[in-house]
There are 2 protein chains.
Amino acid sequence: MRKVAVIAVGYTKVSEHWNLSIRELFTEAALMALNEANIDQIDALYIGNMFSGYCQHQEHLGVLMADYIGLKSPPAVKIEAAGASGGMALREGVQAVASGLHDLVVVGGVEKMTDVLSPDITSALAMATDQEYEAFIGATFVALNAMVKRAYQHKYGVSDELIATLPVHCHEMASKNPYAQHPFKITVEQVLSSPFIAEPLRLLECSPVGDGAAVLMLCPLEKAKNFTDAPIEIAGMGAATDTIALYQRDDLTTFKATIEAAEIAYKMAHIKPDDVDVAEIHDAFSITGIISLEDLGFFEKGKAAEAVSEGQIAPGGKVAVNTFGGLKARGHPVGATGVYQAVEVVKQLRGDAGKNQVDGAEIGLTQNVGGVGGTVTVHIFRRLG
Amino acid sequence: MRKVAVIAVGYTKVSEHWNLSIRELFTEAALMALNEANIDQIDALYIGNMFSGYCQHQEHLGVLMADYIGLKSPPAVKIEAAGASGGMALREGVQAVASGLHDLVVVGGVEKMTDVLSPDITSALAMATDQEYEAFIGATFVALNAMVKRAYQHKYGVSDELIATLPVHCHEMASKNPYAQHPFKITVEQVLSSPFIAEPLRLLECSPVGDGAAVLMLCPLEKAKNFTDAPIEIAGMGAATDTIALYQRDDLTTFKATIEAAEIAYKMAHIKPDDVDVAEIHDAFSITGIISLEDLGFFEKGKAAEAVSEGQIAPGGKVAVNTFGGLKARGHPVGATGVYQAVEVVKQLRGDAGKNQVDGAEIGLTQNVGGVGGTVTVHIFRRLG
């Protein structure tokens with residue numbers, strides 16, 4: 001396998017982009033990356049997206065986007081794995097370069113969720129669950145995650161107050177990120193007095209609905225210096241699945257797929273969790289983030305929320321997490337999220353992360369989740385030289 | 001790049017499967033392939049599918065299927081490129097093995113179109129076109145292909161009678177294929193007296209709506225003999241895109257993406273069009289097939305229909321085409337079609353094609369189209385030893 005590097009990135013602000021269509025949104029992010037690498041033609045295009053059929057009645061997104069950004073006939077395809085669509089798109093892009101088939105590959109993610117009404121987005125999100133055995137009987141996506149929080153609190157006796165410190169941390173980070181959807185601070189008291197979406201999950205524990213697009217440009221590591229002074233190596237990657245439905249799992253308080261995907265990725269990169277300087281984790285809900293911090297090996301089971309409350313995931317702590325705000329505050333345009341995470345880790349490793357820059361960050365990690373832990377991808381990035 | 005082989009295949013009859021859900025349909029095909037290879041665990045799963053969000057309100061199809069067929073946590077993902085979803089899924093599967101990342105990879109395609117009413121399928125098919133600039137102003141998918149037929153007949157003066165010989169040929173082939181959706185013969189007169197769907201395309205020039213699933217199991221060529229006595233090498237592959245919308249093209253009578261994809265695939269396999277013994281081409285409409293026969297290099301522009309009428313694509317002719325009935329008569333479960341094509345070519349090269357077996361077939365080709373030529377994949381298969 002050839003080694004693969006990220007040579008350029010692009011992204012839009014996550015927001016309610018009423019004035020942009022899905023193709024315009026993606027184009028903005030893609031042209032930013034193409035311009036950064038000073039390239040106007042690529043070899044292949046991968047697009048992570050979940051909802052374009054549902055929200056825009058538009059499939060065949062690969063060719064649409066290749067066409068619209070002015071590329072000349074590259075292979076182009078949409079990659080769908082619910083909330084892990086972006087992470088899986090990155091995985092496919094890496095394989096395309098690693099195999100030797102392609103040199104210049106663009107991996108993008110895009111989601112435009114505000115083209116439909118709010119109840120429709122609830123239906124759309126339920127497509128990530130088992131439609132016949134979960135959604136059909138009335139479980140919303142939030143409700144399934146609420147069961148996970150309930151089970152976790154029952155097993156480990158962790159309080160709402162402690163769990164609420166994760167969204168508070170994410171908003172603190174987002175307050176210094178100009179492209180975050182919610183760039184403002186919140187308090188634990190505000191989290192705990194916000195309304196329940198599905199008990200025990202409250203509004204300020206849930207990632208918002210928004211639109212956004214993010215793009216990475218990949219090439220073989222050995223050629224990366226032709227395009228940038230600061231290539232970032234993709235040093236490891238793992239992906240794994242679990243049962244799609246919760247009722248088939250032995251334990252709701254851990255995501256087996258995260259553990260497996262991380263193990264593969266750590267092994268490939270020859271690192272341990274303690275080596276990670278910066279991480280972007282999938283905090284679609286507060287509890288998803290807490291469980292992920294544990295399953296990635298950063299903290300012991302049942303201990304992550306306490307660690308968050310102690311500042312251990314802030315810049316300068318044990319591992320700097322979600323330094324651009326995470327899903328909660330940067331925003332969660334579903335199929336684009338995994339690509340945003342990678343963009344952010346690349347910016348940290350380049351020393352280009354603004355006010356939340358982690359000094360001397362060398363190794364970064366992204367964890368992207370589809371469904372309630374049904375699909376998980378983990379990628380590990382390394383700064384060179 | 002490692003060389004890649006097909007070691008097992010599975011498929012269902014294409015039909016209106018009222019009694020099977022999409023997961024049951026896929027499971028039937030997947031278990032057939034797993035049983036043939038005598039394997040119960042794989043390294044990764046790719047699923048070509050276009051309509052599961054629209055027709056089943058189910059995305060996250062990768063993990064759903066991995067789970068339902070009893071696999072233990074492989075990376076699993078849905079690949080979408082409209083009618084070329086199956087071909088693109090195969091491409092991703094080949095890359096996964098070629099890169100060295102995985103050894104045992106399952107590539108499947110599945111589509112269950114009969115879960116929604118007929119007008120909804122017309123809307124769903126339009127998701128392959130440019131929603132904002134084609135579908136929005138009222139063009140159906142058939143109507144766009146009808147314009148292609150009109151332009152082709154205007155340019156080359158080819159009659160309806162000659163073009164009708166392609167669906168007649170496909171039904172002749174399907175009449176000996178027990179898993180074809182429409183295993184019966186038709187005549188040119190029947191084609192020409194069938195009602196217009198979108199003038200000048202008549203009912204019997206259009207592929208039907210149906211349900212089906214097909215599966216290929218891949219592994220590195222060097223390990224293939226551990227699983228089968230008759231591995232089939234994937235010797236070449238190419239993919240290309242064109243503009244998604246027709247109004248942006250210089251010429252409606254040729255699919256540039258087919259020409260480019262085929263050129264790449266022929267070069268990789270070190271063959272010429274004349275070397276191909278059997279081919280499965282994308283005859284979603286009669287005219288799509290006719291144009292494809294030309295763009296693949298089998299016949300000169302404007303001459304394919306005449307060649308078909310002379311029997312040149314029948315077994316024993318210049319190149320045996322759509323020997324299982326093609327999209328027109330085997331059926332066209334959209335996201336599965338590209339995988340069916342590959343299954344059929346593999347069966348021919350194994351000498352396992354029943355009454356339409358082409359004696360001594362060594363090299364096979366599949367061409368899979370998304371939209372009106374917007375995405376095209378071409379794969380070339382070779383019998384070993």
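Read on for an overview of the structure. (Residues numbered from 1 in each chain as written. Chains lettered and ligands numbered in written order. Predicted model: local features only at pLDDT ≥ 70, side-chain atom pairs only at ≥ 80, totals over all residues.)

Right, let's talk about the environment of B:Ile163 for a bit. Residues and elements named next belong to chain B. Within the fold, Ile163 resides in helix 7 (residues 160–163). Taking C-alpha positions, Ile163 is 32 Å from His270, a pair spaced 107 residues apart along the chain. Setting aside chain neighbours within four positions, we find Ile163 in contact with Val158, Ser286, Ile287, Ile290 and Ala305. (Helix = DSSP H or I, 4+ residues; strand = E, 2+ residues; numbered from the N terminus. Contact = placed C-beta atoms within 7 Å.)

The transformation that overlays chain B on chain A combines an axial shift of 0.0 Å with a rotation of 180°, and the residual RMSD is 0.0 Å. The transformation relating the two chain copies, once decomposed into turn and shift, fits a two-fold axis. Looking at the rotation axis and the C-alpha trace of chain B, the residue lying nearest is B:Ser99, at 1.8 Å. By residue overlap, the copies meet face to face through one surface: 100% of the interface positions of chain B are interface positions in chain A. (Least-squares fit on C-alpha atoms with pLDDT ≥ 70 in both.)

Before going further, it helps to examine the packing of helix 1 (residues 22–37) of chain A against helix 3 (residues 61–68) of chain A. Residue and element names in this part refer to chain A. Interhelical geometry of helix 1 versus helix 3 gives an angle of 60° and a closest axis separation of 10 Å. As summarised for this structure, helix 1 and helix 3 are arranged oblique, according to the angle between their axes. Two packed elements cross with a definite hand, and for helix 1 against helix 3 that hand is right-handed. For the pair helix 1 and helix 3, contact is made by Arg23, Phe26 and Thr27 and by Leu64, Met65 and Tyr68, respectively. Looking at side-chain class alone, the contact of helix 1 with helix 3 contains four nonpolar, one polar and one charged residues. (Axes fitted to C-alpha atoms, helices over the stretch in contact; angles between N-to-C directions. Parallel < 35°, antiparallel > 145°, perpendicular 65-115°, else oblique. Left-handed = near helix turned anticlockwise from the far one by under 90°. Nonpolar A, V, L, I, M, F, W, Y, C, P; charged D, E, K, R; others polar.)

All names here are of chain B. A rise of 1.5 Å per residue sets the reference length of helix 14 (residues 337–350), with its 14 residues, at 20 Å; its end C-alpha atoms lie 20 Å apart and thus fit the reference within 8%. Of all the 14 residues making up helix 14, 13 are buried; the element is thus mostly covered by neighbouring parts of the structure. Once helix 14 ends, the next one or two residues include Gly351, with phi positive near 80°. (Expected span 1.5 Å × (residues − 1). Buried ≥ 20, exposed ≤ 12 C-beta atoms within 10 Å, placed from the backbone.)

The next thing to look at is the pairing of strand 3 (residues 76–80) of chain B. In terms of burial, strand 3 of chain B is largely enclosed, as five of its five residues are buried. Of the two faces of strand 3 of chain B, the one holding B:Ala76, B:Lys78 and B:Glu80 and the one holding B:Val77 and B:Ile79 are both buried throughout. Where strand 3 (residues 76–80) of chain A lies against strand 3 of chain B, three bridges are found, and the strand directions are antiparallel. Directly across from A:Ile79, in strand 3 of chain B, lies its bridge partner B:Ile79. Pairing between strand 2 (residues 44–48) of chain B and strand 3 of chain B: four bridges, direction parallel. What sits directly across from B:Leu45, in strand 3 of chain B, is B:Ala76. (Pairing = 2+ DSSP bridges.)

Another aspect to go through is the interface of chain B and chain A. With 51 residues of chain B at the interface, the matching set in chain A holds 51 residues. Sorting the residues of the side of chain B that touches chain A by element identifies helix 2 (52–56), helix 3 (61–68), strand 3, helix 4 (85–98), strand 8 (232–241) and helix 10 (256–269) of chain B as the ones contributing at least two each. Of the residues in the side of chain B that touches chain A, the class split is 23 nonpolar, 19 polar and nine charged.

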